Amino acid sequence: MAASFVAMMCGSALAQDKPFEGVQLKMLGIGDTSVTRLAKITSEFEEQTGAKVQIDMLPYPGLIDKIIIEASSDNPTYQLLWVDSPWVGMLGEAGALQDLTDYAKRDAAEIGLDDIIPVQLQENSWQGALLAFPASGMIWHVNYRQDLFDDADEKAAFKAKYSYDLAPPSTWQQFHDIAEFFTRKKGDKLAGKVLEQDFYGNAESYSRVQGAITHDYFPDHARVRWGLLGSGNRPLRHDG
């Protein structure tokens, strides 16, 4: 899932690479950080281009309904939209979005097009046309305690239990093993020191914003609990 900015297919003037004094752009977006951080620099954009930007923010539930109304209007209120990537195909099929392909190629150096993960451009495209530009791509990453991974006693104990070397995980089975291994109770030893409280082998950070439980928690734990699909759509599972 990735939030993106798109331009509506309409006759309104769009800010280009020179000032547009007096132009008023209206944007419809979600009320989270992918848009609120943009709102803080609208004055800078106006200073550079002359165009003013008004951003209206709505909660995620119901936002797509408002966008569909805009997309079906002969005289839409908004020229710019925040959309979730699963909506791009639907809106693209309806012919509601401006093709941004040529603009992205023209300004590739300025916008750092080569720095964007290709799959994020792909999921914002429909029928070969780039219809939205990534604004809030979600990247999954794992942090680990290097001091624990480098501890000689912990490395030896892990190797004895799981029959492979302790290292940052590259599979969900390894992720599960490492989390299990480093989970200790108060009074147990960890890297030669007695624990004064329980120690958890895995800790995950989730946002409190609306939708985080479906975007973050459920997909992550579905991967661990039910496995991933491998080649031929065969599930990759472990017995944990």
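The notes below deal with the structure included here. Just so we're clear, the structure is a prediction, and the values are computed from it rather than from any experiment.

## Some remarks on helix α9 (residues 152-162)
1) Next: Here α9 has its buried residues at E154, F158 and Y162. The arc enclosing the buried residues of α9, seen along the axis, measures out at 40°, which places them on a common side. The exposed set on the far side of α9, more than 90 degrees from its buried face, consists of A152, D153 and A160.
2) Next: Considering only its buried residues, α9 is in contact with α8 (146-149), α10 (172-182) and β8 (189-190).
3) Next: Its side-chain oxygen placed 3.1 Å from the backbone nitrogen of D153, D151 serves as the N-cap of α9.

## Section: the packing of aromatic side chains
1) Next: Under the defined criterion, the tally for this structure stands at twelve aromatic pairs.
2) Next: Between Y60 and W87 the ring centres are 5.5 Å apart and the planes differ by 35°, which places this aromatic pair in the tilted class. Residue Y60 is found in the loop between β3 (52-58) and α3 (63-71), and its partner W87 is found in the loop between β4 (80-84) and α4 (88-93); the two are separated by 27 residues along the sequence.
3) Next: Here W87 falls in the buried class, since its relative accessible area comes to 9%.
4) Next: Measuring from centroid to centroid gives 6.1 Å for W82 and W87, while their planes differ by 80°, and the two rings are edge-to-face. The two residues W82 and W87 agree in class, both being buried.
5) Next: Pairwise contacts between aromatic rings join Y144, F149, F158, Y162, Y164, F181 and F182 into one cluster.

## Things to note about the side chain of E154
1) Next: Here E154 is to be found in helix α9.
2) Next: Among the residues examined, E154 registers a relative accessible area of 6% and is labelled buried.
3) Next: At 2.7 Å, the side chain of E154 forms a polar contact with the side chain of R184.
4) Next: In this structure the side chain of E154 is engaged in a polar contact, spanning 2.8 Å, whose partner is the backbone nitrogen of A191.
5) Next: For E154, the residues in contact, after removing those within four places along its chain, are L148, L166, F181, F182, R184, K189, L190 and A191.

## Remarks on unusual backbone geometry
1) Next: Of note in this structure, Q127 is not a glycine but carries a positive phi near 55°.
2) Next: Tracing the backbone shows Q127 in the loop between β5 (125-126) and β6 (129-130).
3) Next: With a phi angle near 50°, A191 is a residue other than glycine that sits in the positive phi range.
4) Next: Here A191 is to be found in the loop between β8 and β9 (193-194).
5) Next: Residue A191 is classed as partly exposed on the basis of its relative accessible area of 27%.

## Overview of the nonpolar core
1) Next: L63, I67, L81, W82, V83 and W87 are the most contacted members of the largest nonpolar core, which has 19 residues in total.
2) Next: Contributing elements (two or more residues each) for this core: β2 (24-30), α3, β4 and α4.
3) Next: If you look at the next biggest cluster of nonpolar residues, it comprises eleven residues, including L148, F149, Y162 and F181.

## Things to note about α10
1) Next: For α10, the set of buried residues is F175, D177, I178, A179, F181 and F182.
2) Next: Buried-residue contacts for α10 involve α8, α9 and β8.

## Describing the packing of α9 against α10
1) Next: Packing of α9 against α10 brings their axes to within 11 Å, and their N-to-C directions diverge by 120°. What the angle tells us is that α9 and α10 run oblique. Where α9 crosses over α10, the two elements pack in a sense that is right-handed. For the pair formed by α9 and α10, the contact residues are E154, A157, F158, K161 and Y162 on the first element and D177, I178, E180, F181 and F182 on the second.
2) Next: Each residue belonging to the contact of α9 with α10 can be placed in one class, and the counts come to six nonpolar, no polar and four charged.

## What about the pairing of β4?
1) Next: Taken across its five residues, β4 has four buried, putting it largely inside the fold.
2) Next: Alignment of β2 against β4, held across two bridges, turns out to be parallel. The partner of M27 across the bridge, within β4, is L80.

## Some points on the pattern of salt bridges
1) Next: Per the stated rule, a full pass over the model turns up four salt bridges.
2) Next: Residue E154 pairs with R184 through a salt bridge whose shortest N-O separation is 2.7 Å. Of this pair, E154 sits in helix α9 while R184 sits in the loop between α10 and β8, and the two are 30 residues apart along the sequence.
3) Next: Assessed through its relative accessible area of 12%, R184 is described here as buried.
4) Next: The salt bridge involving K159 is made with D165; its shortest N-O contact spans 3.1 Å.
5) Next: Of the residues examined, K159 reaches a relative accessible area of 39% and is grouped as partly exposed.

Parameters and conventions
Residues numbered from 1 in each chain as written. Predicted model: local features only at pLDDT ≥ 70, side-chain atom pairs only at ≥ 80, totals over all residues. Heavy atoms only, no water. Buried < 20%, exposed > 50% of the residue type's maximum accessible area, 1.4 Å probe, protein only. Helix = DSSP H or I, 4+ residues; strand = E, 2+ residues; numbered from the N terminus. Arc of directions from axis to C-beta. Contact = heavy atoms within 4.5 Å. Polar contact = N/O pair within 3.5 Å; in protein donor to acceptor, adjacent residues only side chain to side chain. Phe/Tyr/Trp six-rings, centres within 6.5 Å; stacked < 30°, edge-to-face > 60°. Core = buried A, V, L, I, M, F, W, Y, C linked by side-chain atoms within 4.5 Å. Axes fitted to C-alpha atoms, helices over the stretch in contact; angles between N-to-C directions. Parallel < 35°, antiparallel > 145°, perpendicular 65-115°, else oblique. Left-handed = near helix turned anticlockwise from the far one by under 90°. Nonpolar A, V, L, I, M, F, W, Y, C, P; charged D, E, K, R; others polar. Pairing = 2+ DSSP bridges. Salt bridge = Lys/Arg side-chain N within 4 Å of Asp/Glu carboxyl O.

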